[in-house]
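Working through the structure, step by step
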Amino acid sequence: MGFGIRTLWAIVVVVVAAAVVFLTAGPAPAIIALVGGIAAALVASEGVPTEAGDDVTAEEGHDGLSPLLEEALDAIVEPVLLIEGGRVILANRSARGLLGTHIVGEDARIAIRHPAAAERLLTKEGVTDPDHPISLVGLGSLEQRWEMRVADTTSGQRIVHLIDQTAHDAAERMRVDFVANASHELRTPLASILGFIETLGDEAGEDAEIRARFLKVMFDEARRMQRLVEDLISLSRIEADKYRLPAQPVDMAELVDQVWEEFLDSGSPRADDIACELADDLPPVAGDRAQLSQMLHNLIGNAMKYGKAETPVRVRLDRDGPMLRLSVADRGEGIAASHLPRLTERFYRVDSGRSRSIGGTGLGLAIVKHIVERHRGKLEIVSEVGVGTTVTVRLPALKPPEKNAFENAVTKIQ
Ligand code: ADP
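Scope of this entry: the structure provided in the associated data block. Small disclaimer: the values here were computed from a predicted structure and weren't measured.

**Some details on the overall build of the protein**
When you go through the protein residue by residue, the secondary structure sums to 14 helices and twelve strands. In the protein, which comprises 414 residues, the proportion classed as buried is 29%. Restricting to contacts in the protein with at least 6 residues of sequence separation, those with at least 24 account for 58%.

The following block contains the structure:
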């Protein structure tokens, strides 16, 4: 029996079942159900003994596999292989891309050359428990991580499904690192505050001068913790809104003026060094005013902190085609090129001691990056050691609303 109407029905049933699994259990089990189901249905239709009573051999099995099965497997973005008698009889496009086109017909252990995979591909015990897939590191490229799942069809073929876990593992590592870093950042000032409280409880608390000095340190450390918690809350709020496009029209020139005023009012000794050049008649941007204000505070604040005392902090705002271009430039120590790609990572600092001593949380540029991304903008950091740093943000300008026929009619009546 070849590929016929019953096989088609079987595939339809499998697709519906996979959709149900997708809705109830998520994408990975759904893909496995889909791949396994289609492969089993089609292989079963191919593998059924012919009228003459002969079983289809591995090679014949591959040649005889229906084009629909190959097309269905090729449409799956993850690598999938079908193994029979220890040999690869089918590899979808993604598997051929990863392991080479030569793998079809090859010994499965040579096709997937990995110590952790070899015996699983052929032995009876090789079938993986859905909760315990096998991890393969370094297949394809050195840093790639794969999850291998192995299942058997009722007619004796083995389906191997490789799931790329590289991005998932990286995100998981980032999450773990983030929690560890945030806890460490909070623990240090907390330990210092507790130490001072203990000392003040002893005779040191009786000396007014020492007490005042210790209270000042405790206040600074508590402020540091407060800034950190505020930045963490900001970051998580901005991330939560990531997919919601901000819609308020924001006049950036007016906002820069407002932030400039705020710096002047703060009494910071560097505030007088801020010099703004704002082009006239700039269109508004579609933005979140509070977030854009925070972005300006962070960028101008960094230029003031890391630029040399009494050198200008230049804030420019102009138009660059369909975008508004904001740049904040300082003259200072600059940043070595090797640090630039990592500056927007949470808690990444070029000089941790220096950042902490001037009240940095290590989250300022991560917040800026997320705000710019939410506004569909672009962030660029250019720096030269010993000269200074320029941070440029481009934000899409809001297009003026097109007048429609109805608006024109209303205008005429008025
Ligand atoms: P922080 O709170 O430490 O300032 P940020 O995320 O704002 O954290 O910046 C990360 C690091 O990038 C800083 O610790 C500093 O080393 C570096 N950096 C940021 N802006 C500048 C700048 N304008 N000039 C020099 N270095 C900068």
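**Here's the deal with the sheet that holds strand β9 (residues 313-320)**
The strands that make up a sheet pair up through hydrogen bonds in the backbone, lying either parallel or antiparallel. Pairing is mixed in the open sheet, where five strands are placed in the order β7-β9-β10-β12-β11. Pairing within the sheet leaves two strands with one partner each, and these edge strands are β7 (274-278) and β11 (378-384). In this sheet, neighbouring strand axes are inclined to one another by 15° on average, regardless of whether the strands run parallel or antiparallel. Strand direction decides the pairing type here: β9 and strand β10 (residues 323-331), joined by seven bridges, are antiparallel. Of the residues in β10, the one forming a bridge with R314 is A329. Running over the sheet, helix α10 (residues 252-266) touches β7, β9 and β10 and is turned about 170° from β7.

**A word on unusual backbone geometry**
The phi angle of most residues is negative, glycine excepted, and most peptide bonds adopt the trans form. Although it is not a glycine, E310 adopts a positive phi angle of roughly 65°. With respect to the helices and strands, E310 occurs in the loop between α11 (289-306) and β9.

**Focus on helix α8 (residues 166-201)**
End to end, α8 covers 52 Å across 36 residues, agreeing with the expected 52 Å (1.5 Å per residue, within 8%). Of all 36 residues that make up α8, three are buried, and the element is exposed over most of its length. Looking at α8, one finds that the buried residues are E185, P189 and F196. If you follow the buried residues of α8, they end up packed against α9 (208-240).

**Some details on the packing of α8 against α9**
Two numbers describe how α8 lies on α9: the axes approach to 9 Å, and their chain directions differ by 160°. Taken together, α8 and α9 sit at an angle that is classed as roughly antiparallel. Relative to α9, α8 is oriented so that their crossing is left-handed. Between α8 and α9, the residues in contact are A182, E185, L186, P189, L190, S192, I193, F196, T199 and L200 and R211, F214, V217, M218, E221, A222, R224, M225, L228 and L232, respectively. When the residues that make up the contact of α8 with α9 are grouped by side-chain class, the tally is 14 nonpolar, two polar and four charged.

**Side note on the pairing of strand β5 (residues 158-164)**
One face of the sheet, then the other: side chains in a regular strand alternate in exactly this way. Taken across its seven residues, β5 has five buried, putting it largely inside the fold. Here strand β1 (residues 80-84) pairs with β5 via four bridges, running antiparallel. For L82, the partnering residue across the bridge sits in β5 and is I159. Across seven bridges, strand β4 (residues 145-152) lies against β5 in antiparallel orientation. Bridging across to β5, R149 finds its partner in H161. Two successive antiparallel strands, β4 and β5, enclose a turn made up of five residues, where G156 displays a positive phi of approximately 95°.

**Considering the site of the ligand**
Lining the immediate surroundings of the ligand are 21 residues, of which Y306, V350, S355, G360 and G364 lie closest. Contributions of two or more residues to the shell around the ligand are made by α11 and α13 (364-374). If one sorts the elements of the shell around the ligand by residue count, α11 sits on top with four residues. Here the shell around the ligand is built from residues that sort into nine nonpolar, nine polar and three charged.

**What to know about the environment of L296**
Position of L296 relative to the elements: it lies in helix α11. With 24 C-beta atoms packed within 10 Å, L296 lands in the buried category. In this structure, the C-alpha to C-alpha distance between L296 and V368, residues 72 residues apart in sequence, is 8.5 Å. Not counting residues up to four positions away in its chain, the partners in contact with L296 are L255, V256 and V259.

**Quick word on the sheet that holds β5**
What the five strands build is an open sheet, ordered β2-β1-β5-β4-β3; its pairing is antiparallel. Each edge of the open sheet carries a strand with a single partner, namely β2 (87-91) and β3 (134-137). Strand-to-strand twist of the sheet, defined as the mean angle between neighbouring strand axes without regard to direction, takes the value 30°. Here helix α7 (residues 115-122) sits on the sheet in contact with β1, β3, β4 and β5, set at roughly 140° to β3.

**A few points about the nonpolar core**
Side chains that are nonpolar tend, in soluble globular proteins, to be buried together. M252, L296, L299 and I300 are the most contacted members of the largest nonpolar core, which has 35 residues in total. Of all the secondary structure elements, the ones that give two or more residues to this core are α9, α10, α11, β9, β10, α13 and β12 (388-396). Of all the elements, α11 adds the most residues to this core, at eight residues. Once residues within four sequence positions are removed from consideration, M252 is found in contact with L282, V285, L317, L324 and L326. Counting residues in each nonpolar core, the second largest holds 27 residues, with L69, V80, M148 and I159 among its members.

Definitions and cut-offs
Residues numbered from 1 in each chain as written. Predicted model: local features only at pLDDT ≥ 70, side-chain atom pairs only at ≥ 80, totals over all residues. Helix = DSSP H or I, 4+ residues; strand = E, 2+ residues; numbered from the N terminus. Buried ≥ 20, exposed ≤ 12 C-beta atoms within 10 Å, placed from the backbone. Contact = placed C-beta atoms within 7 Å. Pairing = 2+ DSSP bridges. Axes fitted to C-alpha atoms, helices over the stretch in contact; angles between N-to-C directions. Expected span 1.5 Å × (residues − 1). Parallel < 35°, antiparallel > 145°, perpendicular 65-115°, else oblique. Left-handed = near helix turned anticlockwise from the far one by under 90°. Nonpolar A, V, L, I, M, F, W, Y, C, P; charged D, E, K, R; others polar. Near = placed C-beta within 6 Å. Core = buried A, V, L, I, M, F, W, Y, C linked by C-beta atoms within 7 Å.

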